[in-house]
Amino acid sequence: QVQLVESGGGLVQAGGSLSVSCVASGRTLSNFAMGWFRQAPGKEREFVAAIDWSGRKTDYADSAKGRFTISRDNAKNAVYLQMNSLKPEDTAVLYCAAASESWRTPRTLNAYAYWGQGTQVTVSS
């Protein structure tokens, strides 16, 4: 049993920064690779970033490279996404997810078995 809860979303002006968190309960996250995905209204859910169980491997969507940083703290059973230089097109619901492929950083939705409820990120122009 794994429950994931995102927090830290909100309203920010373009060019600003925001950090979102994902805290797990029920089982340690050290057994899982973790990913962040986002979904804008009327659009499909898309990959943003992923991190392997150790935190030594990361992967980013092209839209996130250079602006976003994914990190994890297994002692706190948490995963984070630091977002800088935010743009209006970053407006979306952000979801964290856990994948059983602990040594990899999968990009596909079906690789992730557990999902949080999402947190809203709104970037104003």
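Here goes a summary of the coordinates provided.

Rules used in this analysis
Residues numbered from 1 in each chain as written. Predicted model: local features only at pLDDT ≥ 70, side-chain atom pairs only at ≥ 80, totals over all residues. Heavy atoms only, no water. Pairing = 2+ DSSP bridges. Helix = DSSP H or I, 4+ residues; strand = E, 2+ residues; numbered from the N terminus. Axes fitted to C-alpha atoms, helices over the stretch in contact; angles between N-to-C directions. Disulfide = S-S within 2.5 Å.

### Some remarks on the sheet that holds strand β7 (residues 68–73)
For step 1, the next point in the chain: One open sheet holds the four strands; their spatial order is β1-β3-β8-β7, and the pairing between them is antiparallel. Looking at which strands have only one partner, the edges of the open sheet turn out to be β1 (3–7) and β7. Across the sheet, the mean angle from the axis of one strand to that of its neighbour is 15°, orientation sign disregarded.
For step 2, the next point in the chain: For β7 and strand β8 (residues 78–83), the ladder comprises six bridges, and the chain directions are antiparallel. Residue pairing for β8: Phe68 is matched across the bridge by Met83.

### What to know about the state of the cysteines
For step 1, the next point in the chain: The full count for this structure, using the stated rule, is one disulfide.
For step 2, the next point in the chain: Cys22 shares a disulfide with Cys96; S-S distance 2.0 Å. Here the S-S torsion is close to 50°, and the disulfide linking Cys22 with Cys96 is therefore right-handed. Of this pair, Cys22 sits in strand β3 (residues 18–25) while Cys96 is found in strand β9 (residues 92–99), placing the two residues 74 residues apart along the sequence.

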